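Working through the structure, step by step
Residues per chain, in single letters:
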Amino acid sequence: MKHTLVAAGILAAAFASSGALAQQKLVLKASDVHPGGYPTVVAVEDIGKKLEKATNGRLSVAMYPSMQLGGEKEAIEQAQVGAIAFARVSVGALGPVVDDLNVFNLPYVFRNTEHMQHVIDGPIGQDLLDKVTNSGKGLVGLAWMDAGARNFYSTKKPIKTMADLKGMKVRVMGNPMFVDMANAMGGNGIAMGYDQVFTALQTGVVDGAENNPPSFVFDNHYQAAKFYTVDEHLIVPEMVVFSKKIWDTLSKDEQALLAKFGKEAQQEERKLWDVYEKQAMDKAKAAGIEIIQVAAADKKAFQDAVKPVWDKYGPKYTDTVKRIQETK
Ligand code: GTR
């Protein structure tokens, strides 16, 4: 009697655990440098909501915003080892890991943000997502995110023409291409992680930085830098990458769901972005930030100055650059 009970108990436990295995809940951790409410944060959270619904709670997303898990370099590394599932990062930070992406980091490679959107939504965008997935770097390229255009901002004096950049210490993303870019424009490019920018501006370690309006405002850089120059030297999109290690533990159906919701997030984030960009500019104006519009002639000077960057890095990407230029 006792034996039968024990045997029955073991059997029941075995059933329960095999059932539990199929149904085992998996919480997918996500990292973003931006705070809650930021378009990229919301878009990834929404992937989580959809996943939770579609898998009856088996998959969900836990978002860690505001650099809680570190900067973007760290996020990429954490995704590679499977410590987190989603890293939403700039192509600026991802270029040093998957070199093909650096084509998007060439200054003025896109005519405007609309052109960039057509490129990431089309075959070039898909090819580059696939390059990430097939790079052997432990990442799956899931979706693109819009990040508008990047502009210079400064703490001490306004940048009205390129000459004002002369000798200025400008923080750029951790990618040698951007150091070369800032130097070619007459400044001193200083590469550092996003997690250090605010303090660097505040303490005078740098005299300025460059970013899109939502980052400038909603990550508080505008509290230290009072001059914002709309020159649009870089239009760098961002990517949601997924940990290959975790991806390989998911069923084919679950992978398909992630791919589908990723594509939807790409379009959703863009709509949120447009609203956020306007809000950021309004907030900057209300805070008394001096906003400088670069005249067309001066814009040309910025563009001409980056020729050495194109000479150094451009030839590797000639084919893709041609395809980008041919994209309407
Ligand atoms: C922001 C971007 C971040 C990060 C940051 C930076 O615009 O959303 O992913 O790359 O710029 O300058 O490091």
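Please refer to the structure placed before this passage.
On a predicted model such as this, the values are computed, not experimentally measured, just so you know. (Residues numbered from 1 in each chain as written. Predicted model: local features only at pLDDT ≥ 70, side-chain atom pairs only at ≥ 80, totals over all residues. Heavy atoms only, no water.)

**Some points on the sheet that holds strand E10 (residues 238–243)**
- What the five strands build is an open sheet, ordered E2-E1-E3-E10-E4; its pairing is mixed. Among the strands making up the open sheet, the edge pair consists of strand E2 (59–64) and strand E4 (139–145). Averaged over all pairs of adjacent strands, the angle between their axes in this sheet comes to 25 degrees, without regard to strand direction.
- Pairing between strand E1 (residues 26–31) and E2: six bridges, direction parallel. When the bridges of E2 are listed, Val-27 appears paired with Ser-60.
- Taken strand by strand, helix H6 (residues 123–133) contacts E4 and E10, and its axis lies near 150 degrees from that of E4.
- Helix-sheet contacts for helix H11 (residues 252–286) involve E2, strand E3 (86–90), E4 and E10, and the interaxial angle to E4 is about 25 degrees. (Pairing = 2+ DSSP bridges. Helix = DSSP H or I, 4+ residues; strand = E, 2+ residues; numbered from the N terminus. Axes fitted to C-alpha atoms, helices over the stretch in contact; angles between N-to-C directions. Contact = heavy atoms within 4.5 Å.)

**A look at the pairing of strand E7 (residues 188–191)**
- By the bridge criterion, four bridges tie strand E6 (residues 169–172) to E7 in an arrangement that is parallel. Directly across from Val-172, in E7, lies its bridge partner Ala-191.
- For the crossover from E6 across helix H7 (residues 176–184) to E7, the handedness is right-handed. (Right-handed = clockwise from strand over helix to strand, strands pointing away.)

**Considerations on unusual backbone geometry**
- Backbone geometry at Asn-56 places phi at a positive 50 degrees, although glycine is not the residue there.
- Considering the arrangement of structural elements, one finds Asn-56 in the loop between helix H2 (39–54) and E2.
- By relative accessible area, which is 71% here, Asn-56 ends up exposed. (Buried < 20%, exposed > 50% of the residue type's maximum accessible area, 1.4 Å probe, protein only.)

**What about helix H5 (residues 113–121)?**
- Taken as a whole, H5 has its buried residues at His-115, Met-116, Gln-117, Val-119 and Ile-120.
- Each element contacted by the buried residues of H5 is listed here: H6, E4, H11 and helix H14 (318–326).

**Points about the packing of H2 against H11**
- Direction vectors running N to C along H2 and H11 enclose 145 degrees, while the axes themselves pass 8 Å from each other. As H2 runs across H11, the sense of the crossing is right-handed. Where H2 abuts H11, its residues Pro-39, Thr-40, Val-42, Ala-43, Asp-46, Ile-47, Lys-50, Leu-51 and Ala-54 lie against Leu-257, Leu-258, Phe-261, Gly-262, Glu-264, Ala-265, Glu-268, Glu-269, Leu-272, Trp-273 and Tyr-276.
- Each residue belonging to the contact of H2 with H11 can be placed in one class, and the counts come to 13 nonpolar, two polar and five charged. (Left-handed = near helix turned anticlockwise from the far one by under 90°. Nonpolar A, V, L, I, M, F, W, Y, C, P; charged D, E, K, R; others polar.)

**Topic: the pattern of salt bridges**
- The tally for this structure, following the rule as stated, stands at 19 salt bridges.
- A salt bridge links Glu-232 to Lys-299; its shortest N-O distance comes to 3.5 Å. In this pair, Glu-232 sits in strand E9 (residues 227–234) while Lys-299 sits in helix H12 (residues 296–305), placing the two residues 67 residues apart along the sequence.
- Lys-299 sits in the partly exposed class, given a relative accessible area of 26%.
- The residue Lys-260 makes a salt bridge to Glu-264 at a minimum N-O spacing of 3.2 Å. Here the residue Lys-260 and the residue Glu-264 both occupy positions in helix H11, the gap between them amounting to four residues, near one helical turn.
- Looking at Glu-264, the relative accessible area reads 30%, which means it is partly exposed. (Salt bridge = Lys/Arg side-chain N within 4 Å of Asp/Glu carboxyl O.)

**A closer look at the site of the ligand**
- Lining the immediate environment of the ligand, one finds 13 residues, of which His-34, Glu-72, Arg-171, Asn-211 and Glu-238 sit closest.
- Note that an oxygen atom of the ligand is positioned 2.5 Å from one of the side-chain N or O atoms of Glu-72.
- Within the side chain of Arg-150, one N or O atom sits 2.8 Å away from an oxygen atom of the ligand.
- In the complex, the protein chains occlude 98% of the 320 Å² of accessible area that the ligand would expose alone.
- Counted by class, the shell around the ligand contains three nonpolar, five polar and five charged residues. (Near = heavy atom within 4 Å. Polar contact = N/O pair within 3.5 Å; in protein donor to acceptor, adjacent residues only side chain to side chain. Areas by Shrake-Rupley, 256 points an atom, 1.4 Å probe, with all protein chains shown as cover.)

**Some points on the environment of Pro-65**
- Examined against the element boundaries, Pro-65 turns out to sit in the loop between E2 and helix H3 (72–81).
- Judged by relative accessible area, which is 14%, Pro-65 ranks as buried.
- Spatially, the C-alpha atom of Pro-65 lies 9.9 Å from that of Thr-40, the residues being 25 residues apart in sequence.
- Apart from residues no more than four positions distant in its own chain, Pro-65 is found in contact with Asp-32, His-34, Pro-35, Gly-36 and Val-41.

**Focus on the environment of Thr-229**
- The residue Thr-229 is located in strand E9 in this model.
- Judged by relative accessible area, Thr-229 falls into the buried class, the value being 0%.
- Discounting chain neighbours no more than four positions away, the residues touching Thr-229 are Asn-151, Phe-152, Ile-159, Ile-292 and Val-294.
- Only 2.7 Å separates the side chain of Thr-229 from the backbone oxygen of Ile-159, close enough to count as a polar contact.

**Notes on the packing of aromatic side chains**
- Scanning the model with the defined rule gives 12 aromatic pairs in all.
- On the numbers, 5.7 Å between centres and 70 degrees between planes, the contact of Phe-242 with Trp-247 is edge-to-face.
- Three or more aromatic residues joined by ring pairs form one cluster here, namely Tyr-38, Phe-218, Trp-273 and Tyr-276. (Phe/Tyr/Trp six-rings, centres within 6.5 Å; stacked < 30°, edge-to-face > 60°.)

Keep in mind these numbers describe shape, not what the thing actually does.
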